[in-house]
Amino acid sequence: MHHKKTENIWIQIGGELPALEEISKFVRRDHCGAVNLFEGVTRNHDSGKSVTLLSYDSYDEMALSQCEVILNRAMKEYPLGAAAIFHKTGEVPVGEVSMIVAVSTPHRKESTQAVLAIIEQIKQDVPIWKKEFFDDEGEAVWKGGEISSD
Amino acid sequence: MDRAVKAELKTIEAELRWFSQLAEKRGVRSETITLPSGITGAELISQLAKEFDELNRMKKHVRLAVNQSYVEPFTVIHDGDEVAFITPVSGG
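My aim in this report is to walk through the structure given alongside it, one point at a time. For clarity, every value in this text was computed on a predicted model and none was experimentally measured.

Attention now goes to the nonpolar core. With 29 residues, the main nonpolar core has A:Ile118 and A:Ile122 as its most contacted residues. Among all residues touching A:Ile118, those that are not within four sequence positions of it are A:Ile70, A:Leu71, A:Ala74, A:Ile85, A:Val101 and A:Val103. Counting residues in each nonpolar core, the second largest holds 22 residues, with B:Trp18, B:Ala23, B:Val66 and B:Ile77 among its members.

In structure tokens form, the structure reads like this:
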């Protein structure tokens, strides 16, 4: 498990996810009227196929540093009181949480905008990969790895 | 090692890091490789893709990271660098 915790930023790659209440307490600030917590959960379908399990691989050290880059950028672009990213690695069955993003801001609108921006950047730049397992006994696939060589 | 001495080296050593389908197909998650001094990231990918089919298949979509930061393909690899081959990521 790799993690970093400062006064305003908390990042963890791998390991067990902290309790939501603990995360909420961390990001809460007296000048912030909005705390926004997003959970990414393994769903039971993708592209018409029944999914049973996701398994995440990660370049832990770089995932941590990329998350730090993303949160530092978000701190400049949004009036964040504090922000946090947690991502599990290894197996995450249907219905379980793989990722949590949390922020606090003075007002609700910017908290939602900041969370969405952080998630988009995670999906673009953080070196974490998911492998999908299906219930039809078909071969498991790395999401994003199905690209042809053309 | 002294910088002047290193500059004389004709070869360098780099640590390669593999993840997701590249690690599965490669059979290892890291390896140390000897490379010609001055090799760029793009040249490294081309060289490895000749004997690694999965990298050859994915090479147009692979981003390189050196010492845990994304770099441009023309970046020169240096002795002791950690070089990772980042296929399209899918976290979240």
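On to the packing of aromatic side chains. All names here are of chain A. Across all of its chains, the model carries 6 aromatic pairs over all chains by this definition. Judged by centre distance (4.8 Å) and plane angle (85°), the rings of Trp10 and Phe86 are edge-to-face. You can see Trp10 sitting in strand S2 (residues 9–13) and its partner Phe86 sitting in strand S6 (residues 82–87), a full 76 residues away along the chain. Of the two residues, Trp10 and Phe86, neither departs from the other in class, the shared state being buried.

All names here are of chain A. The buried fraction of S6 amounts to 6 of the 6 residues, a majority that puts the element mostly inside the structure. Along S6, one buried face is formed by Ala82, Ala84 and Phe86 and the opposite face, lined by Ala83, Ile85 and His87, is buried too. Across 5 bridges, S2 lies against S6 in parallel orientation. Note that in S6 the partner of Trp10 across the bridge is Ala84. As judged from the 6 bridges shared by S6 and strand S8 (residues 97–105), these two strands associate in the antiparallel manner. Paired with Phe86 across the two strands is Ile100, which belongs to S8.

Thresholds, definitions, all that
- Residues numbered from 1 in each chain as written.
- Chains lettered and ligands numbered in written order.
- Predicted model: local features only at pLDDT ≥ 70, side-chain atom pairs only at ≥ 80, totals over all residues.
- Heavy atoms only, no water.
- Core = buried A, V, L, I, M, F, W, Y, C linked by side-chain atoms within 4.5 Å.
- Buried < 20%, exposed > 50% of the residue type's maximum accessible area, 1.4 Å probe, protein only.
- Contact = heavy atoms within 4.5 Å.
- Phe/Tyr/Trp six-rings, centres within 6.5 Å; stacked < 30°, edge-to-face > 60°.
- Helix = DSSP H or I, 4+ residues; strand = E, 2+ residues; numbered from the N terminus.
- Pairing = 2+ DSSP bridges.

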